[in-house]
Every structure is written in C-alpha cells, then in structure tokens.
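# Per-entry structural report
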Amino acid sequence: MNKESHFSNQIRSNYAFLAKTVFDLHSLIQAQSEKLYEEKELGFPVWASSTILMLASVKKASIMEISQGLNLSHQLTSQRIKTMLNLELVEGIQDPNDKRRTIYRLTSKGLEKSKILDMYCVDAEQAFKDLSTEVGCDIQSVLNSAISALKNKPFGDRFPANKYSYQERIPTVDKDEN
C-alpha cells in the first residue's frame, strides 16, 4: 500500500474529515450516475435533474422560484438554466405581469426527458434502498438526520469549550529544532 492510499484511509476513518467523506460519496455517486445517464440516453447533465423534475411538477417558474425551490443560489440557477436553454430542455417566456421577469418551462423535449427521468428515479431509489440494506443503515435517514441536527445546533456550537485559542495551545518550537 502506498503512502497516499494509507493517508487517504486514515482520513476516511477520522471524524474530523467527515465532510470530505460525504463529498467523496457525492463525487462517486455523481460520476456513476453520469455514466448511467449516458447509457440511458438522458441527454443532459446529472445536475439538471432536480430542475427538470421541479419544472415538470410546477409547470413554470422564474429563476428566483427555482433557486428557492431547490435551495440553490440565484447565480447557480441562472447558469443551469442557460445550459438547459442551450440543450433545448427549457424555454423562457416573458412574464406578462412583469416585463423584467422571465418564466421558464420545459419544452416538449424537456417533458419527454422528464418522463425518462421519472423512470430512472424509480430505479435509483431502489438501488439506494439496496445499498442501504447492504451497508446496514438507512442512508437517506442518517443524512437527513445529520442535516437537521446541524441546522438545530451548528457545527461550531458542537466544539468543546476552551478559553484558549488554538494559537495559544500550540507548544512553542525552538528555532534550533527546525
């Protein structure tokens, strides 16, 4: 085993790096999902899925409504919509009540892809349930519980109380030792 993989294993088993482990899980699922999206000929990036599903559900929405509905920044939502416009999955129409606002809806191509995405989601749900059974816990429940707990008591509030700063707690190093 090389040093890099040994260190990687140390990080994976250290609770201080839990966020990195969750990010690694996200990246792995994202990469494997992208491969499936290609195989299933979905024709759009994985990250577009939530927007497509939302627009299929609500029929039409502004950038602000989409960003609020998906808990994304306005800027990120705008970037996603721009790509989806280029892929001809959505179209924008001027709001008749407010000429400054654009309302987005799925195109016929977007609606077709949303139906395929619905079928994909049924299979993905089963695959994640099977994964949960394999690892011995309800992954969705654990993640949602952790999110709720951190919203109720932020990460910083969970740190042990210590009246000294980290800098004050570092042992002094003699210059000759370096």
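Right, let's walk through the structure included here. Here the structure is a predicted model, which means the values were calculated and not measured.

Parameters and conventions
Residues numbered from 1 in each chain as written. Predicted model: local features only at pLDDT ≥ 70, side-chain atom pairs only at ≥ 80, totals over all residues. Heavy atoms only, no water. Core = buried A, V, L, I, M, F, W, Y, C linked by side-chain atoms within 4.5 Å. Buried < 20%, exposed > 50% of the residue type's maximum accessible area, 1.4 Å probe, protein only. Helix = DSSP H or I, 4+ residues; strand = E, 2+ residues; numbered from the N terminus. Pairing = 2+ DSSP bridges. Contact = heavy atoms within 4.5 Å. Axes fitted to C-alpha atoms, helices over the stretch in contact; angles between N-to-C directions.

### Digging into the nonpolar core
With 20 residues, the main nonpolar core has Y37, F44, I52 and L117 as its most contacted residues. Elements that contribute at least two residues to this core include exactly α3 (49-58), α4 (63-70), α5 (74-86), β3 (98-106) and α6 (108-135).

### What to know about the pairing of strand β2 (residues 90-95)
Where β2 lies against β3, six bridges are found, and the strand directions are antiparallel. Within β3, the position partnered with I93 by the bridge is I103. Remark: two residues form the turn of the hairpin made by β2 and β3, two consecutive strands paired antiparallel.

### Here we look at the environment of L143
Mapped onto the fold, L143 is located in helix α7 (residues 139-152). A residue is classified by how much of its surface remains accessible, and L143, at 36% relative accessible area, is partly exposed. Sequence separation of L143 and V22 is 121 residues, and the distance between their C-alpha atoms is 9.4 Å.

### Describing the sheet that holds strand β1 (residues 61-62)
Taken together, three strands build an open sheet; the order of strands is β1-β3-β2 and the sheet is antiparallel. Of all strands in the sheet, those with a lone pairing partner are β1 and β2, marking the two edges. Pairing geometry for β1 and β3, over two bridges, is antiparallel. In the sheet register, A61 faces β3, and the bridge partner there is Y104. Running over the sheet, α3 touches β1, β2 and β3 and is turned about 100 degrees from β3.

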